[in-house]
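Coordinate analysis (summary)
Residue strings, one per chain:
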Protein chains: 4
Amino acid sequence: MAIENSKKNVTFISGDKTYSMGNGHFYVIAGPCSIESEVQFLESARSVVANGACLLRGGIWKLRSSAQAFQGLGKAAFDIVQKVTSELHTGIVTEVTDPRQIESLYPMVSIFQVGSRNMHNYALLKELANQDKPVLLKRGLAAYIDEWLKAADYVETSGRAQVILCERGIRTFETATRNTLDLNAVAFLKKNSPYPVIVDPSHAIGIGELVPDISLAAAAVGADGLIVEVHPAPKEALSDGPQALTPTQFSQLMIKLEKVLNALDRKLQKK
Amino acid sequence: MAIENSKKNVTFISGDKTYSMGNGHFYVIAGPCSIESEVQFLESARSVVANGACLLRGGIWKLRSSAQAFQGLGKAAFDIVQKVTSELHTGIVTEVTDPRQIESLYPMVSIFQVGSRNMHNYALLKELANQDKPVLLKRGLAAYIDEWLKAADYVETSGRAQVILCERGIRTFETATRNTLDLNAVAFLKKNSPYPVIVDPSHAIGIGELVPDISLAAAAVGADGLIVEVHPAPKEALSDGPQALTPTQFSQLMIKLEKVLNALDRKLQKK
Amino acid sequence: MAIENSKKNVTFISGDKTYSMGNGHFYVIAGPCSIESEVQFLESARSVVANGACLLRGGIWKLRSSAQAFQGLGKAAFDIVQKVTSELHTGIVTEVTDPRQIESLYPMVSIFQVGSRNMHNYALLKELANQDKPVLLKRGLAAYIDEWLKAADYVETSGRAQVILCERGIRTFETATRNTLDLNAVAFLKKNSPYPVIVDPSHAIGIGELVPDISLAAAAVGADGLIVEVHPAPKEALSDGPQALTPTQFSQLMIKLEKVLNALDRKLQKK
Amino acid sequence: MAIENSKKNVTFISGDKTYSMGNGHFYVIAGPCSIESEVQFLESARSVVANGACLLRGGIWKLRSSAQAFQGLGKAAFDIVQKVTSELHTGIVTEVTDPRQIESLYPMVSIFQVGSRNMHNYALLKELANQDKPVLLKRGLAAYIDEWLKAADYVETSGRAQVILCERGIRTFETATRNTLDLNAVAFLKKNSPYPVIVDPSHAIGIGELVPDISLAAAAVGADGLIVEVHPAPKEALSDGPQALTPTQFSQLMIKLEKVLNALDRKLQKK
């Protein structure tokens, strides 16, 4: 198929290294749901970097269903991010929730994240098309694969920003898990789209102790990587604690991931 | 229930009249999906006003799944709106898709519309909370009723803007119709929330010839009104033609709506 | 459309009368979810017949998710049904859950009901095709309209049994109501299929106080009737109490239904 | 958790061997969707047995949405099954669609299969409870995990038949793939239920070339096995051809499965 011959590699810089997602290696992005404090972010970041994550995640502005829920530190997190990423020689992916945040986030981020709730926010996507850092585009809660690809088109129209797709679970009738991880979509997109596709197992299942199992499944199905939540003390997290891995769980997961990837002749891309 | 004692009436101005949605009367908002030209908008607007619509609808900036689809006239529509609304002594509800549009739209609109794809766009909702015109908040494609009410909270936090909820069909497994109209949600919200609730039958079913049937159902279930698409020549519409009513179909619908409402001791609020 | 010219009328006998569903009149079938005792069934039956229901409903064998839940009286209900229907000169529709029940139920029922959970039970449908009483075919929990029509084909293959479709809510992500009533499907089927279509508002919403609202919507959208649960003491019901109407609520509903139907030039077919 | 201490092993006999699903090994059941002829079944069966499948699958009575579709050979397949299973020294799992088939199928099958469309057919489940061969219980199209477990209860009430759960994809809004494989459910059930859980990747995705990818994911997530469709000439299959693997694809899949399982310290249980 023509598309397979034109698979896109997406280049991003994390600390002093340049990576190329889409080259067959498996990339793990990890960190807390939200940046809550310097201590919390540093601790989480250290543990995931020490175990091979090649990029940090951490929310600055959060999209929360309730106006009363913690909305992220906002600009107060900027200094924390600068300190931690420079200390650990790594970059960060964080969510952009408003077109007016792009300019201030640009110098700090390796990759911009567009959350599920904003996949259809075309005003935001159009604005991200006008800069040159990659965009990690999460699938909308109930977005058809086709709509998701069309949202990716919005980002790529100007030819500057590149897209990484992120499957994070869809909304179905089932309530035993937070969402329903759609690995069919990952398999489908790896064959029928040119984009790298990663998986967010944390939102996809919402239950920390089950995150490693579905992370291994994501590696086995052929995803290009993971973006996973790790918190030094999940029970005290200000957002999404129940789905976060502890540093120990994360470390064990990385060992198993590497074994599964190697069994399939793939490489876990470590920092 | 306490909520029932504190039902909210939402006041809006259309032309030289003030209306109060939530007072038990039934309000019909109508017009084309998109404003395509002065001729098209005027023709559609005239026909719906002549048949009793008390407010116009018409898209200026459109949220389209595809970047290649017609995106609305944007600011080029402003003059058209001014001419048509002043000629017909009526107001308009139009969709706001970016926080930066609020200021320029404010003088022109009676009600701001937030589309389904932006129900979770909390940056936009927070900004709308800081002005005083009502916000017609469409339900997200796969939003729980609970999330929808929480999105309404975002708009109402500052105490200035008021919310009208709009059920427009949810995304389910069924594909014979565009979406699945959820009248259960309307019945539920009328009992368990303080907001007026209207229905968008056009997006809910996506098939013009079936729009009147479900519009009557919306009136019978207790909705406060409709927002319905009417186009002088649906087959030539630049967006959503298959679901638009012709002026004749709209006129016939209004007659039946009035009969059903009267049978239930309610009044069709005409311009 | 050719189909509209060949709409089917389905004839059934209730007591000493013959009815023809599909003739434009609106038929209300009512009674308890399950037949629990002679006293309970008689009381429920009397109240619904007195208020114009033209056929009784009442479960003999129940399909319950849990093996520990009340499974219906089974054959012990036969005598109760005989007494009550002969005393009130009316018939009954009851659910058949096993092909081996058909023979014993045949003399007693006016219409066989196939529940949602058995819509895809083709062994049962094929067997029902070999008798001549109408089959009320409920839509499966997640059945496409197209699959539902194909299930109807199974019943009609032999040319003996006729089908009445019954929309009873589909399973979606929403959990505030028991199911999601799909009135789009009713509008769609009335235009695009030859079958009478009725609505089960009780299962569709699962909340007794909201059943009247959506029942009116079902009448307004063009359904051919309702099958609704009425229990003399809903709180004491052995199954589905929360969604049952009291006799008083039922009586008030019938008055409103007649008004809405008359407003649309239709007739409420009373016993 | 108490449940984990009481995991059930399900014993079945295939040919002259006894297997114990639930012991941590991975079991592959394979064969055609339907048994179409002796030649077709034998060819498919030979290839899967040669590559390590420990049990055959093959439909005798098929549940098809359309009454016009191929319904399976029915009793005419019995001789074929006898010949092929005795020649290859293996057993078969086949679907039972009517309680009246149990007696005649009993001597022939290693495991009874209950299809998705019959998961809620409690009359069938109750009957299967009264025999002692294992029951492979597929999840209903839109069954909550909780309902699925309750359906398993029906089968296990008498204490004779044992249950193997089979996830085969649920019905969601997405249409790019036939169903949406829910590996969250597999991870959830492995932690929170006592039953072995296998995956049917063929129905779950419906696209043959993607079946191997999700089969590997199923192994990685912790499933106890697969039931997968293999056809000597998928394009000529009388049912479900597009989702069948060729014998060559199956053979390649088995090699990869073994590598992934070994990487996770598990064993592929070969015949």
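What you are looking at is a predicted structure, and each value in this text was computed from that prediction instead of being measured.

Rules used in this analysis
- Residues numbered from 1 in each chain as written.
- Chains lettered and ligands numbered in written order.
- Predicted model: local features only at pLDDT ≥ 70, side-chain atom pairs only at ≥ 80, totals over all residues.
- Heavy atoms only, no water.
- Helix = DSSP H or I, 4+ residues; strand = E, 2+ residues; numbered from the N terminus.
- Rg over C-alpha atoms; globule rule 2.2 N^0.38 Å.
- Contact = heavy atoms within 4.5 Å.
- Areas by Shrake-Rupley, 256 points an atom, 1.4 Å probe, with all protein chains shown as cover.
- Axes fitted to C-alpha atoms, helices over the stretch in contact; angles between N-to-C directions.
- Parallel < 35°, antiparallel > 145°, perpendicular 65-115°, else oblique.
- Left-handed = near helix turned anticlockwise from the far one by under 90°.
- Nonpolar A, V, L, I, M, F, W, Y, C, P; charged D, E, K, R; others polar.
- Buried area = accessible area lost by both parts, 1.4 Å probe.
- Salt bridge = Lys/Arg side-chain N within 4 Å of Asp/Glu carboxyl O.
- Polar contact = N/O pair within 3.5 Å; in protein donor to acceptor, adjacent residues only side chain to side chain.
- Buried < 20%, exposed > 50% of the residue type's maximum accessible area, 1.4 Å probe, protein only.
- pLDDT = per-residue confidence, 0-100.
- Phe/Tyr/Trp six-rings, centres within 6.5 Å; stacked < 30°, edge-to-face > 60°.
- Lys NZ or Arg CZ within 6 Å of the ring centre and 35° of its normal.
- Least-squares fit on C-alpha atoms with pLDDT ≥ 70 in both.
- Right-handed = clockwise from strand over helix to strand, strands pointing away.
- Pairing = 2+ DSSP bridges.
- Lys, Arg positive; Asp, Glu negative; His and termini not counted.
- Expected span 1.5 Å × (residues − 1).

Within chain A, the secondary structure is distributed over ten helices and eleven strands. Against the globule reference of 18 Å for 271 residues, chain A gives a C-alpha radius of gyration of 17 Å, in line with a compact fold. Dimensions of chain A along its principal axes, counting C-alpha atoms only, are 50 × 45 × 45 Å. Of the contacts formed within chain A by residues at least 6 apart in sequence, a portion of 69% connects residues at least 24 apart. Taken as a whole, chain A presents about 8500 Å² of accessible surface, with 48% of it coming from carbon and sulfur.

This part is about the environment of F41(A). Residues and elements named next belong to chain A. Tracing the sequence through the fold places F41 in helix α2 (residues 38–50). Taking the C-alpha atoms as reference points, F41 and L257, 216 residues apart in sequence, are found 24 Å from one another. In this view, F41 contacts P32, I35, L56, R57, G58, I80, V81, V84 and I92; residues no more than four positions away in its chain are not counted.

All names here are of chain C. Helix α7 (residues 183–192) packs onto helix α6 (residues 145–156) with a crossing angle of 55 degrees between their chain directions and a minimal axis gap of 11 Å. Overall, the two elements α6 and α7 adopt an arrangement that is oblique. Crossing of α6 over α7 shows right-handed handedness. Every residue of α7 that contacts α6 at I145, W148 and L149 is listed here: A185, F188 and L189. Of the residues belonging to the contact of α6 with α7, the class tally is six nonpolar, no polar and no charged.

Listed per partner, the contact involves 38 residues of chain A and 38 residues of chain D. Each partner contributes to the roughly 3100 Å² buried at the junction of chain A and chain D, and carbon and sulfur atoms together form 68% of this total. In terms of surface lost to chain D, no three residues of chain A exceed F173(A), E174(A) and N184(A), which account for 21% of the buried area on that side. Summed over the shared surface of chain A and chain D, the result is two salt bridges. At the boundary of chain A with chain D, the tally comes to ten residue pairs in polar contact (both at pLDDT 80 or more). Among the secondary structure elements, those contributing two or more residues to the side of chain A that touches chain D are α7 (183–192), α8 (201–205), α9 (211–221) and α10 (247–263) of chain A. The element best represented in the side of chain A that touches chain D is α9(A), accounting for six residues. By residue class, the composition of the side of chain A that touches chain D is 24 nonpolar, five polar and nine charged.

Attention now goes to the environment of G222(D). Residues and elements named next belong to chain D. One can find G222 in the loop between α9 (211–221) and β10 (225–229). According to the relative accessible area criterion, G222 is partly exposed, its value standing at 21%. Note: C-alpha distance between G222 and L183 (39 residues apart in sequence) is 9.4 Å. Beyond its immediate stretch of four places on either side in the chain, G222 contacts K190 and R266.

The next thing to look at is the confidence of the model for chain A. Residues and elements named next belong to chain A. Residues of chain A with pLDDT of at least 70 account for 98%, and the chain-wide mean is 95. Residue range residues 1–5 is modelled with pLDDT below 50. Its contacts to residues more than four positions away, or to other chains, number seven contacts. Scored as a whole, the predicted complex attains pTM 0.96, and scored at its interfaces, ipTM 0.96.

Take the packing of aromatic side chains next. Going through the model one piece at a time under the given rule, you end up with 24 aromatic pairs over all chains. Taken together, a centroid distance of 5.3 Å and an interplanar angle of 25 degrees make the contact between F12(A) and Y19(A) stacked. Here the aromatic rings of F12(B) and Y27(B) are separated by 6.0 Å at their centres, their planes lie at 65 degrees, and the arrangement is edge-to-face. Of this pair, F12(B) sits in strand β1 (residues 10–14) while Y27(B) is found in strand β3 (residues 26–31), placing the two residues 15 residues apart along the sequence. Look at F12(B) and you get buried, because its relative accessible area is 1%. Pairwise contacts between aromatic rings join F12(A), Y19(A) and Y27(A) into one cluster. K133(B) extends its terminal NZ or CZ atom over the ring of Y106(B), reaching a point 4.4 Å from the ring centre.

Bringing the relation of the copies chain C and chain D into the picture now. Least-squares fitting of chain C to chain D yields an RMSD of 0.0 Å, with the superposition described by an axial translation of 0.0 Å and a rotation of 180 degrees. Such values leave the two copies arranged in the relation of a two-fold axis. Residues of chain C ranked by C-alpha distance from the rotation axis are headed by A142(C), positioned 3.0 Å from it. Here 100% of the interface residues in chain C have copies in chain D that are interface residues too; the copies meet face to matching face.

The next point concerns the interface of chain C and chain D. Facing 30 residues of chain C, the contacting portion of chain D comprises 30 residues. Taken over both partners, the interface formed by chain C and chain D buries close to 2600 Å², and the fraction arising from carbon and sulfur atoms is 49%. Three residues, S65(C), R100(C) and R171(C), lead the burial of chain C against chain D; their summed loss comes to 21% of the area buried on that side. Counting across the chain C and chain D interface gives four salt bridges. Here E127(D) ties to R100(C) by a salt bridge, and the two come within 3.2 Å at their closest N and O atoms. Inspection of the region where chain C meets chain D yields 14 residue pairs in polar contact (both at pLDDT 80 or more). At the level of secondary structure, the elements contributing two or more residues to the side of chain C that touches chain D comprise α5 (122–128) and α6 of chain C.

Take the pattern of salt bridges next. All names here are of chain B. In this structure the tally under the stated criterion is 60 salt bridges over all chains. Residue E156 is joined to K8 by a salt bridge in which the shortest nitrogen-to-oxygen separation is 2.3 Å. With E156 in helix α6 (residues 145–156) and K8 in the loop between α1 (2–5) and β1, this residue pair connects regions lying 148 residues apart in the sequence.

This next bit is on the pairing of strand β7 (residues 135–138) of chain D. Residue and element names in this part refer to chain D. What you see with β7 is no split at all: V135 and L137 on one side and L136 and K138 on the other are buried throughout. In terms of handedness, the path from strand β6 (residues 111–114) via helix α5 (residues 122–128) over to β7 forms a crossover that is right-handed. Strand direction decides the pairing type here: β7 and strand β8 (residues 163–167), joined by four bridges, are parallel. Bridge pairing links L136 to I164 in β8.

On to the pairing of strand β1 (residues 10–14) of chain A. Residue and element names in this part refer to chain A. The alternating pattern of β1 places V10, F12 and S14 on a buried face and T11 and I13 on a face that is not buried. As paired elements, β1 and strand β2 (residues 17–21) share five bridges and run antiparallel to each other. Bridging across to β2, I13 finds its partner in T18. The turn linking β1 back onto β2 is made up of two residues, and G15 within it adopts a positive phi angle of 65 degrees.

What follows deals with the side chain of S14(D). All names here are of chain D. Along the chain, S14 turns up in strand β1 (residues 10–14). In this structure S14 comes out as buried when scored by relative accessible area, which is 0%. Within the structure, S14 has its side chain in polar contact with the backbone nitrogen of G91 (distance 2.9 Å). Ignoring anything within four residues of it in the chain, the contact list for S14 reads Y19, C54, L55, H89, T90, G91 and S110.

Assignment of secondary structure puts R64(B) in the loop between β4 (55–57) and α3 (78–88). Buried and unpaired, R64(B) has no salt bridge, with D240(B) as the nearest side chain of opposite charge at 5.4 Å. Contact partners of R64(B), with chain neighbours within four places excluded, come to Y122(A), Y154(A), A69(B), F70(B), Q71(B), L238(B) and S239(B).

What follows deals with α6(C). Residue and element names in this part refer to chain C. Over its twelve residues, α6 runs 17 Å from end to end, which matches the ideal 16 Å to within 8%, given 1.5 Å per residue. Residues I145, E147, W148, A151, A152, Y154, V155 and E156 constitute the buried set of α6. Elements in contact with the buried residues of α6: α5, β7 (135–138), β8 (163–167) and α7.

Attention shifts here to helix α10 (residues 247–263) of chain D. Between its first and last C-alpha atoms α10(D) spans 25 Å; for 17 residues at 1.5 Å apiece the expected length is 24 Å, and the two agree. Along α10(D), the positions that sit buried rather than exposed are F250(D), L253(D), M254(D), L257(D), V260(D), L261(D) and A263(D). Where the residues of α10(D) are buried, they touch α10 of chain A together with β3 (26–31), α2 (38–50), α9, β10 and β11 (268–269) of chain D. Looking one or two residues beyond α10(D), the residue adopting positive phi is D265(D), at roughly 60 degrees.

This paragraph deals with the packing of α2(A) against helix α3 (residues 78–88) of chain A. Residue and element names in this part refer to chain A. Look at α2 against α3: their axes get within 10 Å of each other, and the N-to-C directions meet at 30 degrees. Taken together, the axis directions place α2 and α3 in an arrangement best described as roughly parallel. Seen from above, α2 lies across α3 with right-handed handedness. Residues E38, F41, L42, A45, R46 and V49 of α2 form the contact with α3, whose participating residues are I80, V81, K83, V84, E87 and L88.

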